[in-house]
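Survey of secondary and tertiary structure
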Amino acid sequence: MGEFSRGGPTRRRILASGAAAAGLGLTGGGLLGARPALSAVEWKKHAGTSLEVNLIKGPRGDLLHRSAAEFTALTGIKVSSEVIPEQQQRQKIVIELTSGRPSFDVVHLSYHVQKRQFDKAGWLADLSGYVKDPNLTEPSLREADFSAAGLQYAKTPNGELRSLPMSVDYFILYWNKELFQKKNVAYPETFDDMMRAAETLTDPKAGTYGFVGRGLRNANMALWGAFFLAYGGRFLDDKGNLLIDGPEAVEATKLYQRLLTKTAPPGVVGFNWMESMAAFTQGRAAMWLDGVGWAPPLEDPNASRVVGKVGYAVVPKGPKDHAAATYGDGIGVAAASSKKEAGYLYCQWAVSKLMGGRLLQAGGGVPFRDSILNDAEVQQGVKMPREWLDSAIGSAKISKLGLPVVVPVAEFRDIVGSAVTATLSGADPATELKKAAEQYRPILERSEKA
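Every value quoted in this text rests on a predicted model; they were computed, and no experiment measured them.

Our next topic: the overall build of the protein chain. Scanning the protein chain from N- to C-terminus turns up 19 helices and 9 strands. For the protein chain, whose C-alpha radius of gyration is 22 Å, the value lies close to the compact-globule estimate of 22 Å for 450 residues. Overall, the protein chain is about 65 × 50 × 35 Å in size when its C-alpha atoms are taken along their principal axes. When the 450 residues of the protein chain are sorted by exposure, 58% land in the buried category. When contacts within the protein chain are restricted to residue pairs at least 6 apart in sequence, those whose partners lie at least 24 apart make up 76%. For the protein chain, the computed accessible surface area is about 17700 Å², with 50% contributed by carbon and sulfur atoms. Looking at charge distribution, the protein chain has the averaged site of its 53 positive side-chain charges lying 3 Å from that of its 47 negative ones.

So, in structure tokens, the structure goes:
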């Protein structure tokens, strides 16, 4: 991280800040009177049942694990939950689901990495019938309440609802109001404006730069996806053919290249989200485009030098589209489980207004459900600045998936990510993307035939 790590947020500080945020807003204010109307549901129907739940370590998984006793009090269902770091959890559940005898009934999944794999394998139970059953589902839980991207993640191509969308990470623009004011720069309304503002705000002699974002191979695909969408890009056509070397991709990469080589801190080619956050929280970068879930440390005096100076906004409009790159996670019931109804009750509770409101109020995540985002009582308990909440609400209206829905996602991120990273050293975007497409296309085709 070089100069951007000195005295700034360490991983430990950031995670500690997030953990502290997860404890905020859970007992006071907005949610005390906001418990969902759950009485019509036959919550006790499976009292005495025991469920095994597999969760991803993080604010969402930790909240569910910590609150499990409340679910037991509501339903009489005992819960044993295993909370595992993300990478290990992804490997473990795939091994177990492939075996046909998973140790868990309910599973937490990363949509942007696992959706296509889970759909193809049929590993999750269809929840469509349960959602329509008034004896199992409280009235406010409707498909229309989830953002478009959430439903795209949760549904199979033939319309089966195989999971419930839980938490979403929209890419938003973080901007340093103080640096903008010093240079008398207006907030950018378009991507072109963002480029011009970044150039104006870059002052290497002062150690400040106009923009920071992920330059590291693989990790950079989350940021590049936001640019690609802004140029009207589609990862695949309606027949599943790859579309990553067309004019939209080339123009998106040119802008990415220009921003990160002309207006970003030295060493950005090795930056993931943490190094980008370090530059921004130390006041060395005027803009940072990344997930809405990284906000709490920016307002933590122990981790940030820009407390009270940060603006939060929906991404600017692109040349051809106005889209918020979207990533997220959901929760579903293993098709192999013999306790599907009980598992569904847990999933419903996990995405309820109570749990989603707690997550939002803590700044630990953003629910996919619009009714939670727009609930006045929930909003009153949010500890983050109002602009942060507004950016999440606005992003929900323009959400689009930030990665292709394919099985070999890791290979996509590695191969195309390498091509995009190469442009930061001067390589030609069109040439690199063409090579990446030629390398990745047979991998994708083999995965679909498997």
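Below, the discussion takes up the environment of Phe191. Summarising the element assignment, Phe191 is placed in helix H9 (residues 191-201). Exposure remark for Phe191: the relative accessible area of 2% places this residue in the buried category. Each C-alpha atom, one on Phe191 and one on Val79, is 47 Å from the other, the two residues being 112 residues apart in sequence. Ignoring anything within four residues of it in the chain, the contact list for Phe191 reads Ala226, Phe227, Ala230, Leu255, Pro316, Lys317, Gly318 and Pro319.

Partitioning the protein chain into structural domains gives domain 1 (50-169 + 327-396) and domain 2 (170-325 + 402-449). Relative placement of domain 1 and domain 2: their C-alpha centres are 28 Å apart. Residue-level contacts link 22 residues of domain 1 with 27 residues of domain 2. Ranking the residues of domain 1 by area buried against domain 2 places Arg116, Asp169 and Tyr327 at the top, with a combined share of 29%. Where domain 1 packs against domain 2, one counts 2 salt bridges. Note that Arg116 and Glu448 form a salt bridge whose closest N and O atoms lie 2.6 Å from each other. Remark: the boundary between domain 1 and domain 2 carries 10 residue pairs in polar contact (both at pLDDT 80 or more).

With respect to the secondary-structure elements, Asp329 resides in strand S7 (residues 324-333). Exposure remark for Asp329: the relative accessible area of 5% places this residue in the buried category. Looking at Asp329, its side chain comes within polar contact range of the side chain of His108, at 2.6 Å. Those residues in contact with Asp329, other than ones at most four positions away along the chain, are Arg60, His108, Leu109, Ser110, Tyr111, Pro165, Met166, Ser167 and Phe368.

On to helix H19 (residues 429-449), then. End to end, H19 covers 30 Å across 21 residues, agreeing with the expected 30 Å (1.5 Å per residue, within 8%). Tyr440 marks the point of greatest bend in H19, at about 30°, and the proline Pro442 comes within the next four residues. Looking only at H19, the buried set comprises Pro429, Glu432, Leu433, Ala436, Ala437, Tyr440, Ile443, Leu444 and Ser447. Buried residues in H19 make contact with helix H5 (111-121), helix H10 (220-230), helix H11 (247-262) and helix H18 (409-423).

Our focus in this paragraph is the pattern of salt bridges. Opposite charge on two side chains permits pairing when their charged atoms draw close. With the rule as written, the count across this model stands at 25 salt bridges. The residue Glu82 makes a salt bridge to Lys92 at a minimum N-O spacing of 4.0 Å. Of this pair, Glu82 sits in strand S2 (residues 78-84) while Lys92 sits in helix H4 (residues 86-99), placing them 10 residues apart in sequence. Residue classification places Glu82 among the partly exposed positions, given a relative accessible area of 37%.

Here is what the cut-offs are and how they apply
- Every chain is numbered on its own, with residues counted from 1 as its sequence reads.
- Confidence filtering applies because this is a predicted model: local features only for residues at pLDDT of at least 70, side-chain atom pairs given and counted only at 80 or more, and all residues used for totals across whole chains, interfaces and linings.
- Water and hydrogen atoms were dropped before computing side-chain values, which therefore reflect all heavy atoms in the structure.
- Helix and strand assignments follow DSSP, with helices taken as H or I runs no shorter than four residues and strands as E runs no shorter than two, numbered in order from the N terminus.
- As defined in this context, the radius of gyration uses C-alpha atoms, and a globule is described by 2.2 Å times the residue total to the power 0.38.
- Any residue under 20% of the maximum accessible area for its type is buried, any over 50% is exposed, and the rest in between are partly exposed; the area is computed with a 1.4 Å probe on protein chains only.
- Here, residues are in contact when the closest pair of their heavy atoms is within 4.5 Å.
- Note on areas: these come from Shrake-Rupley sampling with a 1.4 Å probe, and a residue is covered only by the protein chains present in the view.
- In summary, the charge assignment counts Lys and Arg as positive and Asp and Glu as negative, without counting His or the chain termini.
- For this purpose, a charge sits on NZ of Lys, CZ of Arg, CG of Asp or CD of Glu.
- For each domain, the first and last residues come from an automatic or database assignment.
- Put simply, buried area is how much 1.4 Å-probe accessible surface two parts lose in total, over both of them, once they are put together.
- In what follows, salt bridge is the name for a side-chain nitrogen of Lys or Arg lying within 4 Å of a carboxyl oxygen of Asp or Glu.
- Two N or O atoms form a polar contact when they lie within 3.5 Å of each other; inside protein one atom must be a possible hydrogen donor and the other a possible acceptor, and for residues adjacent in sequence the pair counts only when both atoms belong to side chains.
- One less than the residue count of a helix, multiplied by 1.5 Å, gives the span that helix is expected to have.
- One fitted axis covers the seven residues ending at a residue, a second covers the seven starting there, and the bend at that residue is the angle between these axes.

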